[in-house]
Structure formats: C-alpha cells, structure tokens
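Remarks on the overall topology
Each chain, written out:
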Amino acid sequence: MQDLTHYMNGAHVAGTSGRFADVFNPATGEVQARVPLANAAEMDQAVQFAAAAQPKWAAVNPQRRARVMMKFVELLHRDMDKLAEALSREHGKTLPDAAGDVQRGLEVVEYCIGAPQLLKGEFTDGAGPGIDMYSMRQALGVCAGITPFNFPAMIPMWMFAPAIACGNAFILKPSERDPSVPLMLAELMEEAGLPKGILQVVNGDKEAVDAIIDHDVIQSIGFVGSTPIAEYIYGRGCSQGKRVQCFGGAKNHMIIMPDADMDQAADALIGAGYGAAGERCMAISVAVPVGEETADKLIEKLKPRIDALKVGPYTGGNDVDYGPVVTAAAKANILKMVESGIAQGAELVVDGRDFSLQGYEEGFFVGPHLFDRVTTDMDIYQKEIFGPVLSVVRAQDYEEALALAMDHEMGNGTAIYTRDGDAARDFANRVNVGMIGINVPIPVPLAYHTFGGWKKSVFGDLNQHGPDAFKFYTRTKTVTSRWPSGIKDGAALNFKPMD
Ligand code: NAD
C-alpha cells in the first residue's frame with residue numbers, strides 16, 4: 001500500500017507525526033493508500049518555508065506571476081485525464097464529473113491571469129495643494145486554506161490561484177479523504193514556474209487545522225466544508241486576529257411553479273439531486289412543487305427517471321450517472337437519515353436502501369431515494385444529508401414555497417422553475433439565499449463573478465473567486481504624498497517661455 005506525503009518547499013516529504021488516515025477507493029471499499037496527518041511541528045516547518053519564500057515572490061511583477069498561471073492552465077489541460085482518473089479513484093465521482101471538477105478550478109486560474117489589471121490601485125491627482133493620494137493592494141504574506149472532500153481540485157484552485165497571483169505564499173490542507181490531486185496540483189504549479197515554498201500541501205486533520213489557526217505567521221484562512229467546522233474555524237481564527245472566510249453546508253430548495261415545463265424541471269432535479277451522488281454543496285435536496293396537482297405531476301415525472309439512473313464505478317463507462325459516496329461512514333449516515341425520514345412519517349416513493357452492485361459489494365454505493373410529503377419538522381428536511389436523497393415538500397402557494405427557502409437556516413443556493421417572469425423576478429429579489437437559479441438548477445457563478453451563500457452557509461464578508469478573492473488575499477495601503485512645488489517665477493526650473 002502506498003504512503004502519501006506532504007509537499008513542502010518543492011519536495012515530497014514523508015509524514016513524521018506517526019499518524020495516518022486511510023484513503024479508500026470508494027467503488028471497491030479497499031484502502032488504497034495512507035495519508036500522513038501532520039502535527040504542529042510539521043505545519044510550522046511549512047510556514048517557515050513559506051515565510052522565507054514569500055517576500056521574493058511578492059516582488060515579482062504581477063505580469064510575471066500571471067505567466068505562471070498561464071502555463072499552469074496549459075499543464076492542467078495536458079494532464080486533464082490523469083487528474084480526473086486520480087480524482088475519481090479517491091472520490092468516487094464519474095470521470096466526466098471529475099474532469100468538470102478540474103475545469104471549474106481551471107477557470108478561476110484563467111481569471112487570475114488578469115492579476116495585473118485586478119491589482120491596479122487607485123490614484124487621486126491633486127487631492128490638495130501639491131498632494132496626491134494613492135491606494136495599493138499588497139499581499140498578506142502566508143495564507144492557508146482548508147478544503148472539503150467533494151471538490152478536491154476545484155476548491156483548492158479557487159483558493160490558491162488568487163492567493164498566489166496576489167503575491168502570497170499558500171499552505172493547503174486538503175481533505176484527508178482524497179489528497180492525491182492537491183499534491184499533483186502543487187507539482188504542476190512548480191512545473192509552471194512557481195518558486196519553491198509558495199504552494200505547499202500539508203495533509204492532516206483537526207490537529208493540522210488547529211496548528212494553522214494558532215500559527216502567528218499565517219495571516220488568513222480560507223475554509224470550505226460543513227457548517228459546524230466552518231463556525232468553529234471562523235470563531236477561533238477571527239479571535240486570533242486572522243482574516244477568515246468560511247463556507248459551510250447547504251440545503252438547497254428548488255421551487256416548481258404550476259406553469260413550469262415539467263419535463264425540464266424533472267430533468268433538472270435528476271441532475272441536481274442525484275449527480276455526484278448528491279455530494280455537492282449546490283445539490284438540490286428539497287423540491288417544492290406549488291399546488292397538489294404540480295406535486296403529483298412532478299412525482300410522476302421523477303419516478304421513471306430515478307428508476308433509470310445507472311449507479312456504478314467510475315470505470316463503468318460513460319452511461320454511469322453517479323458513483324459511490326466517499327466513505328462507509330458517509331453511506332451509513334445517509335441510510336440512517338433515510339430511516340429517520342420513514343420513522344418521522346415521510347412517504348418513501350423510491351427506496352434505494354437495498355441497492356447493491358455485483359462485483360462491488362464492498363463499495364460505498366447508495367441507491368437513489370425520493371421522499372414525498374416531507375414536512376419542515378423532519379430531520380431529513382432540516383439537516384444536510386449529502387447523498388442521493390431528494391425530499392419533496394408540497395406548498396399550497398408561491399408565498400408558502402418562498403417562505404420555506406427563506407426560513408431554512410442554510411442559504412447557499414436555490415432555484416425556481418417557472419415561465420412567469422414576474423414570479424422569477426420576485427423570487428430573485430426577495431429570497432435570502434446567495435446564489436439563485438431561474439430555470440437553472442445548479443446556479444454556480446462563473447469564475448469572474450463571486451461564489452458564496454448566505455445565512456449558516458457562510459461566515460465572513462467576502463465571497464470566493466471573482467473580484468472578492470483579490471480583495472480577500474490583499475490588504476489596502478493608502479499613501480498621501482505632498483511635494484510642494486519648487487516651480488516659481490524666475491526659478492531655474494522654469495521653462496523658457498516660447499516666443
Ligand atoms: P468537513 O467539514 O468534514 O471537512 C472539511 C475540512 O475540515 C477537511 O479538510 C477536514 O480535514 C477538516 N476538518 C474536519 N473536521 C474538523 C475538525 N473537527 N476541526 C478542524 N478541521 C476539521 O466537510 P467535508 O465532509 O469534507 O465536505 C462536505 C461539506 O462541505 C458539506 O457540508 C458541503 O455542503 C460543504 N461544502 C460547502 C461548499 C460551499 O462553498 N459552501 C462547497 C463544497 C462543500
């Protein structure tokens with residue numbers, strides 16, 4: 001079995017803490033590697049390397065830094081298949097989905113090629129007599145990021161690309177479930193011309209995270225993961241004076257109005273509810289049809305589509321719709337939630353509990369589930385399940401549907417399916433959620449906009465990627481300068497008047 005490493009100061013480094021976590025192939029259930037779990041001393045070593053390398057990197061002009069990003073994009077394209085395969089092997093998602101994971105990260109790297117433009121400061125000429133004023137954006141120093149298992153390529157790139165383009169050094173603590181792709185990304189950044197020590201990968205769990213929070217030299221922390229951990233890191237990180245942004249969990253509602261195209265809505269729910277086995281923070285986990293007739297029609301459209309879903313390993317060919325979930329513990333938790341839904345009175349319309357795949361009996365596969373007549377007091381409504389389980393909550397009218405999305409404590413994404421522009425506009429304006437889809441089920445903003453939820457889905461002020469990332473990874477310095485004019489009548493500096 002392979003022992004994975006950390007990546008520090010340009011080299012793969014074996015763990016020294018003596019602690020490891022198993023990395024599974026979720027399709028077979030086999031342990032395929034062990035990942036070292038760093039302690040505070042190992043984290044400190046990475047911070048020392050980063051702090052030594054960062055000032056020189058910050059002094060490299062932004063255009064040259066951007067060229068590293070350009071080359072990195074080229075290398076991501078070159079290695080796309082290799083990255084996707086490594087990602088699927090540890091995460092379980094299908095190969096096209098894994099390539100999409102890399103692609104959505106790559107698009108943020110492309111945005112960061114605009115660093116010279118994005119880092120331009122502001123200037124006021126003649127703010128007073130002989131006075132000019134200008135603001136510049138300077139790098140923070142050493143930054144750190146803690147990422148979840150579900151997008152092991154995209155989310156690390158969302159963090160390290162802008163941080164590094166701004167002139168920072170970055171320490172990535174990826175998920176211990178699927179650490180191989182982050183290690184590959186660090187190697188590729190160096191192949192693209194990044195100096196040693198500017199991007200390091202330190203693997204670990206809570207101990208490594210706490211070492212990040214407690215380290216004086218680390219200036220900022222980016223986190224993406226579940227809400228309780230987001231809240232913990234935000235609170236503890238801020239109290240240490242760090243700049244912190246934490247993105248948490250989700251419970252995304254999709255409202256289906258009576259005038260919606262029902263086939264489109266059902267297709268959208270299949271992709272957004274069951275794609276990637278429901279392990280997306282932008283997955284739709286609650287469908288809210290408006291009116292009993294809409295609900296009945298929706299269920300009728302969903303059932304055959306769900307029955308036709310093909311669940312299988314990433315090696316199973318292009319017609320596999322989704323793969324296993326990430327761990328046996330995740331599978332057990334999803335099935336426990338399904339049992340609680342039944343016990344609390346929801347109607348299980350599609351039951352995936354007995355799903356099993358010949359030849360992959362030990363894999364962490366979960367069949368698709370559909371619940372109808374879910375109510376807001378049930379655990380399956382209140383909690384994030386992060387699996388292929390869709391709940392239908394019937395609303396009697398639009399206001400009731402809107403109130404459901406508004407009253408839920410999570411506010412990452414939401415969608416409305418309708419042909420009525422008035423309803424769509426009203427929904428987008430009033431709903432207290434960060435990312436809205438109108439006849440779009442997974443409204444993930446593109447790289448040049450920003451990504452972030454509201455309510456318990458986020459802790460902090462600035463969003464991920466887009467212009468916010470360049471604000472998060474820099475601080476503003478404003479200079480007021482006065483140069484009293486030496487140009488006086490008769491002074492030697494005077495121009496000779498032209499005849
Ligand atoms: P997680 O919270 O278990 O882990 C995220 C990271 O935190 C990992 O690197 C992990 O090692 C670390 N961690 C775990 N327990 C910790 C602890 N007690 N103390 C300190 N650090 C700890 O999340 P996950 O299971 O990897 O990812 C799934 C979650 O991420 C879901 O809730 C999903 O909604 C959320 N997510 C949110 C977004 C977003 O942008 N809002 C995007 C992707 C995923």
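Conventions adopted
- Residues numbered from 1 in each chain as written.
- Predicted model: local features only at pLDDT ≥ 70, side-chain atom pairs only at ≥ 80, totals over all residues.
- Heavy atoms only, no water.
- Core = buried A, V, L, I, M, F, W, Y, C linked by side-chain atoms within 4.5 Å.
- Buried < 20%, exposed > 50% of the residue type's maximum accessible area, 1.4 Å probe, protein only.
- Helix = DSSP H or I, 4+ residues; strand = E, 2+ residues; numbered from the N terminus.
- Domains from an automatic or database assignment.
- Contact = heavy atoms within 4.5 Å.
- Near = heavy atom within 4 Å.
- Polar contact = N/O pair within 3.5 Å; in protein donor to acceptor, adjacent residues only side chain to side chain.
- Areas by Shrake-Rupley, 256 points an atom, 1.4 Å probe, with all protein chains shown as cover.
- Nonpolar A, V, L, I, M, F, W, Y, C, P; charged D, E, K, R; others polar.
- Arc of directions from axis to C-beta.
- 1 Å grid on protein atoms, 1.4 Å probe; cavity = no way out; pocket = protein on both sides within 12 Å on 5 of 7 lines; lining within 4 Å.
- Points joined across faces, edges and corners; volume = space filled by probe spheres on them.
- Expected span 1.5 Å × (residues − 1).
- Salt bridge = Lys/Arg side-chain N within 4 Å of Asp/Glu carboxyl O.
- Pairing = 2+ DSSP bridges.

Let us now look at the nonpolar core. Core analysis: the largest hydrophobic core is formed by 88 residues, its most contacted members being Phe-72, Leu-76, Met-157, Phe-160, Ile-164, Phe-170 and Ile-233. With 10 residues, the top contributor of residues to this core is helix α6 (residues 154-165). Taken together, domain 1 (2-248 + 457-479) and domain 2 (252-438) each give at least three residues to this core, which thus spans both. When sequence neighbours within four positions are dropped, the list of residues in contact with Met-157 reads Phe-72, Leu-76, Val-102, Gly-105, Leu-106, Val-108, Val-109, Pro-162 and Leu-185. Within the second largest apolar cluster, 64 residues are counted, among which are Ala-272, Leu-298, Tyr-322 and Val-431.

Around the ligand sit 28 residues, and of these Thr-147, Lys-173, Glu-176, Ser-226 and Glu-384 come closest. One nitrogen or oxygen atom from the side chain of Ser-226 is found 2.6 Å from an oxygen atom belonging to the ligand. Between Gly-248 and the ligand, the recorded distance is 2.8 Å, taken from a backbone N or O atom to a nitrogen atom. Bound to the protein, the ligand loses 86% of the 840 Å² it would expose on its own. Every element with two or more residues in the shell around the ligand is listed here: α8 (206-214) and β11 (218-224). For the shell around the ligand, a count of residues per class yields 14 nonpolar, 10 polar and four charged.

An α-helix turns once per 3.6 residues; consequently, residues spaced three or four apart project the same way. All buried positions along helix α14 (residues 398-407) are accounted for by Tyr-398, Ala-401, Leu-402, Leu-404 and Ala-405. The buried residues of α14 occupy one face: seen down the axis, they fall within an arc of 150 degrees. Lining the buried residues of α14 we find β13 (252-256), β14 (284-289), α13 (379-382), β19 (413-417), α15 (421-430) and β21 (454-455).

In this section: the layout of surface pockets. Over the atoms, a rolled probe matching the size of one water molecule traces out where space is still vacant. By volume, the largest pocket is sized at about 1000 Å³. Together, 37 residues line the largest pocket, and Pro-148, Phe-149, Gly-225, Ser-226 and Ile-229 are the ones closest to its centre. If you list the elements that add at least two residues to the lining of the largest pocket, you get α8, β11, α9 (227-239) and α12 (328-343). Of the residues in the lining of the largest pocket, the class split is 17 nonpolar, 11 polar and nine charged. Looking at the lining of the largest pocket, you find at least three residues from each of domain 1 (2-248 + 457-479) and domain 2 (252-438). Approximately 290 Å³ is the volume found for the second largest pocket. Along its surface, the second largest pocket is lined by 21 residues, and Phe-151, Met-154, Arg-280, Ile-442 and Val-444 are the ones closest to its centre. For the lining of the second largest pocket, the elements supplying multiple residues, two or more each, are α4 (95-112) and α6. With four residues, the single largest contributor to the lining of the second largest pocket is α4.

This brings us to the side chain of His-465. Along the chain, the position of His-465 falls in the loop between β22 (458-459) and α16 (467-472). By relative accessible area, which is 1% here, His-465 ends up buried. At a separation of 3.3 Å, a polar atom in the side chain of His-465 contacts the main-chain carbonyl oxygen of Ala-447. A polar contact is formed between the side chain of His-465 and the backbone oxygen of His-449, at a distance of 2.8 Å. In contact with His-465, other than residues within four places in its own chain, are Val-108, Trp-158, Pro-445, Leu-446, Ala-447, His-449, Thr-450 and Phe-451.

It is worth spelling out α4 at this point. Look at α4: 26 Å from first C-alpha to last across 18 residues, which is about the 26 Å you get at 1.5 Å a residue. The complete set of buried residues in α4 reads Asp-97, Ala-98, Asp-101, Val-102, Gly-105, Leu-106, Glu-107, Val-108, Val-109, Tyr-111 and Cys-112. The elements touched by buried residues of α4 are α2 (62-78), α3 (80-91), α5 (115-118), α6 and α16.

On to unusual backbone geometry, then. Positioned with a positive phi, Asn-439 is a non-glycine residue whose angle comes to about 60 degrees. With respect to the secondary-structure elements, Asn-439 resides in the loop between β20 (435-438) and β21. Here His-465, not a glycine, exhibits a phi torsion of approximately 40 degrees, which is positive.

Per the stated rule, a full pass over the model turns up 31 salt bridges. The salt bridge partner of Arg-104 is Glu-107, with a shortest N-O separation of 3.4 Å. Remark: Glu-107 and Arg-104 occur in helix α4; sequence separation between them is three residues, near one turn of the helix. Classification of Arg-104 as partly exposed rests on a relative accessible area of 26%. One salt bridge in this structure joins Arg-353 and Glu-339, with 3.0 Å as the shortest N-O distance.

Let us now look at the sheet that holds strand β4 (residues 20-25). Taken in spatial order, the three strands line up as β1-β5-β4 in an open sheet, and their pairing is mixed. Across the chains shown, the open sheet's two edge strands, defined by having one partner strand only, are β1 (2-3) and β4. One ladder, built from six bridges, connects β4 with strand β5 (residues 30-36); its direction is antiparallel. Across the sheet, residue Val-23 finds its bridge partner in β5, namely Ala-33.

Geometry only, nothing functional implied.
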